[in-house]
Structure formats: C-alpha cells, structure tokens
Amino acid sequence: MSDIAGSLLQLKSEIPKHVELVAVSKFHPITALEDAYAAGQRIFGESRVQELLQKIPQLPSDIRWHFIGHLQTNKVRQIIGKTWLIESADSEKLIDLIDRESSRAAVTTRILMQIHVAAEETKFGFSPEELLDFFRRGKYKDLKATRICGVMGMATNTDDERRIREDFHHIYSLYHQISSDYGNELVDFKIVSMGMSDDWKIAVEEGSNMIRIGSRIFGSRRY
Ligand SMILES: *Cc1c(COP(=O)(O)O)cnc(C)c1O
C-alpha cells in the first residue's frame with residue numbers, strides 16, 4: 001500500500017461517519033491523486049484554477065472537485081460547470097458573478113459562503129456582519145443559478161486550542177442562525193466545512209460535517 005493510501009485509510013478510520021472528507025491535493029502531482037483515488041477517495045480539493053483545470057481531464061470523471069482557494073473574478077468563467085462545489089465564495093461580488101456565469105452556461109453552481117473570523121487579516125471571506133446582512137437583505141433570493149449549500153471557514157493559525165475552538169464555534173453559530181432563520185427557503189443549506197490537518201478534531205467537535213485535509217494525507221507541499 002502507498003503511504004498516501006495508508007494515511008488516508010488511517011484518517012478515515014478516525015473520522016465520524018457523518019463527516020465528509022475532502023482530500024486537498026493542491027500542489028501535489030497526479031500520481032498522488034491516483035493513489036488516493038485507488039484507496040477509494042472521490043472528493044478532492046484544489047485551490048488554483050489553472051491547476052484544477054489541468055488535473056480534471058487526467059483523472060476519472062466520478063471525482064467530485066471542490067474549489068477551495070480564492071477565486072479571482074477573471075477566472076470564474078473558466079471553472080463554471082467543472083466543480084461539484086465552490087467552497088470559497090468569499091464576497092457578494094464574486095457570488096453575483098458566479099450566478100451570472102452559471103446562468104449564461106445554463107448550469108447550477110453549488111457554493112459555500114466563506115466566513116472570516118480568524119485573527120489574520122489576509123484571509124478572504126465574509127465578516128459575520130456582512131454574512132448576516134447578505135441574508136437579511138434577502139440577497140440570496142436574487143440568485144438564479146446558484147445554490148447556497150452552507151458555510152466554510154478557517155480558524156486562526158495558532159497553537160492556542162481555546163482560540164481555535166472559539167473560531168469554529170463562531171462559524172458554526174453563524175451557520176446555525178442562518179439555518180434557523182432561512183432554512184425553509186434554503187433547502188440545500190446543510191454543509192459546515194471547517195477543519196484542516198492540524199485542527200479537524202476540534203472542528204468536528206464544534207459541528208463541522210466537512211473537513212479539508214491536505215498534508216496529513218499527501219505529506220507536506222512544495223510552494
Ligand atoms: C491548503 C488548504 C487546506 C488543507 O490544509 P492542510 O493543513 O494541508 O490540511 C484546507 N483548506 C484550505 C482552504 C486550504 O487552502
């Protein structure tokens with residue numbers, strides 16, 4: 001068995017059944033993805049449009065590709081119709097564009113709204129206020145070819161477990177609030193994507209049902 005298959009199976013044995021595993025394969029070669037595929041993995045996450053578009057035709061078509069990186073507006077058209085889920089819908093402008101391009105291509109695009117609660121200022125995403133405002137204004141009703149399937153977020157990059165837990169709790173509580181207030185209209189609003197290699201256990205304890213794991217499966221990345 002390859003190291004990748006071994007890590008993957010080990011990880012899967014630790015993850016509760018209701019939690020979906022996204023294997024984050026960014027910066028890793030096709031052979032690495034093939035190993036994971038052979039071990040049964042079907043959900044892969046990529047963070048760069050060019051890399052995603054290169055990989056898709058080289059791998060089996062039953063893979064569900066998740067886009068998890070910052071999506072530049074000038075690249076939206078290129079990936080519409082190619083992904084199972086865009087996890088990183090990080091601004092209203094981007095969502096409008098995704099919706100427009102999806103209509104134009106006559107497809108429906110599934111998205112998660114990326115929430116920013118971490119201490120770092122460089123991360124993209126809706127602030128909690130912007131997120132709630134988006135729903136209060138009924139903005140979601142304007143979308144014609146986009147389905148909002150939940151939220152995605154990251155915790156602060158720190159060793160302080162309390163802060164990490166707080167961040168995940170915050171993301172989950174925003175999800176819960178929106179789900180309670182608008183769930184009747186947003187029938188697909190079910191996914192809470194949070195947790196990476198170093199913090200996924202805390203994320204799952206705080207309500208995550210989708211984790212995005214890279215290095216723990218594929219080893220470290222070369223940037
Ligand atoms: C790279 C990345 C991950 C995976 O990170 P690991 O620490 O390698 O597990 C998860 N989510 C996002 C958004 C990423 O960019």
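Analysis parameters
- Residues numbered from 1 in each chain as written.
- Predicted model: local features only at pLDDT ≥ 70, side-chain atom pairs only at ≥ 80, totals over all residues.
- Heavy atoms only, no water.
- Near = heavy atom within 4 Å.
- Polar contact = N/O pair within 3.5 Å; in protein donor to acceptor, adjacent residues only side chain to side chain.
- Areas by Shrake-Rupley, 256 points an atom, 1.4 Å probe, with all protein chains shown as cover.
- Nonpolar A, V, L, I, M, F, W, Y, C, P; charged D, E, K, R; others polar.
- Phe/Tyr/Trp six-rings, centres within 6.5 Å; stacked < 30°, edge-to-face > 60°.
- Buried < 20%, exposed > 50% of the residue type's maximum accessible area, 1.4 Å probe, protein only.
- Helix = DSSP H or I, 4+ residues; strand = E, 2+ residues; numbered from the N terminus.
- Patch = residues over 30% accessible without salt bridge, like charges linked within 9 Å, V, L, I, M, F, W, Y side chains within 5 Å.
- Salt bridge = Lys/Arg side-chain N within 4 Å of Asp/Glu carboxyl O.
- Lys, Arg positive; Asp, Glu negative; His and termini not counted.
- Charge placed at Lys NZ, Arg CZ, Asp CG, Glu CD.
- Contact = heavy atoms within 4.5 Å.

**Student:** Pulling in residues and values, what's your account of the site of the ligand?
**Tutor:** All residues in the neighbourhood of the ligand are listed as Val 24, Lys 26, Ile 68, Met 154, Met 196, Ser 197, Arg 212, Ile 213, Gly 214, Ser 215 and Arg 221. One of the side-chain N or O atoms of Lys 26 is found 2.6 Å from an oxygen atom in the ligand. Arg 212 places a side-chain nitrogen or oxygen 2.9 Å from a nitrogen atom of the ligand. Contact with the protein chains hides 89% of the accessible area of the ligand, taken as 390 Å² for the molecule alone. The residue makeup of the shell around the ligand, split by class, is 5 nonpolar, 3 polar and 3 charged.

**Student:** Please give an account of the packing of aromatic side chains that cites residues and values.
**Tutor:** For the structure on display, the rule yields 9 aromatic pairs. On the basis of an interplanar angle of 75 degrees and a centroid distance of 5.9 Å, the ring pair of Phe 126 and Phe 134 is categorised as edge-to-face. Of the two residues examined, Phe 126 and Phe 134, each falls in the buried class. Between the aromatic rings of Tyr 175 and Phe 189, the centroid separation amounts to 5.1 Å while the plane-to-plane angle is 15 degrees, which identifies the pairing as stacked. Of the two residues, Tyr 175 is situated in helix H7 (residues 161–182) and Phe 189 in the loop between H7 and strand E7 (191–193); the sequence distance between them amounts to 14 residues.

**Student:** A description of unusual backbone geometry should follow, citing residues and the corresponding values.
**Tutor:** Unlike most non-glycine residues, Phe 27 shows phi in positive territory, near 70 degrees. Here Phe 27 is to be found in the loop between strand E1 (20–24) and helix H2 (30–38). Even without glycine at this site, Ala 106 takes up a positive phi of about 60 degrees. By secondary structure assignment, the location of Ala 106 is in the loop between helix H5 (92–105) and strand E5 (109–116).

**Student:** Residues and numbers for a negative patch on the surface, please.
**Tutor:** Taken together, the side chains of Asp 159, Asp 160, Glu 166 and Asp 198 present a region of like negative charge at the surface. The topology assignment puts Asp 198 in the loop between E7 and helix H8 (200–205). Exposure remark for Asp 198: the relative accessible area of 80% places this residue in the exposed category.

**Student:** Which residues make up the environment of Asp 96, and what values go with them?
**Tutor:** When you line up the elements, Asp 96 lands in helix H5. For the pair Asp 96 and Lys 139, spaced 43 residues apart in sequence, the C-alpha to C-alpha distance is 9.8 Å. When sequence neighbours within four positions are dropped, the list of residues in contact with Asp 96 reads Lys 139 and Leu 143.

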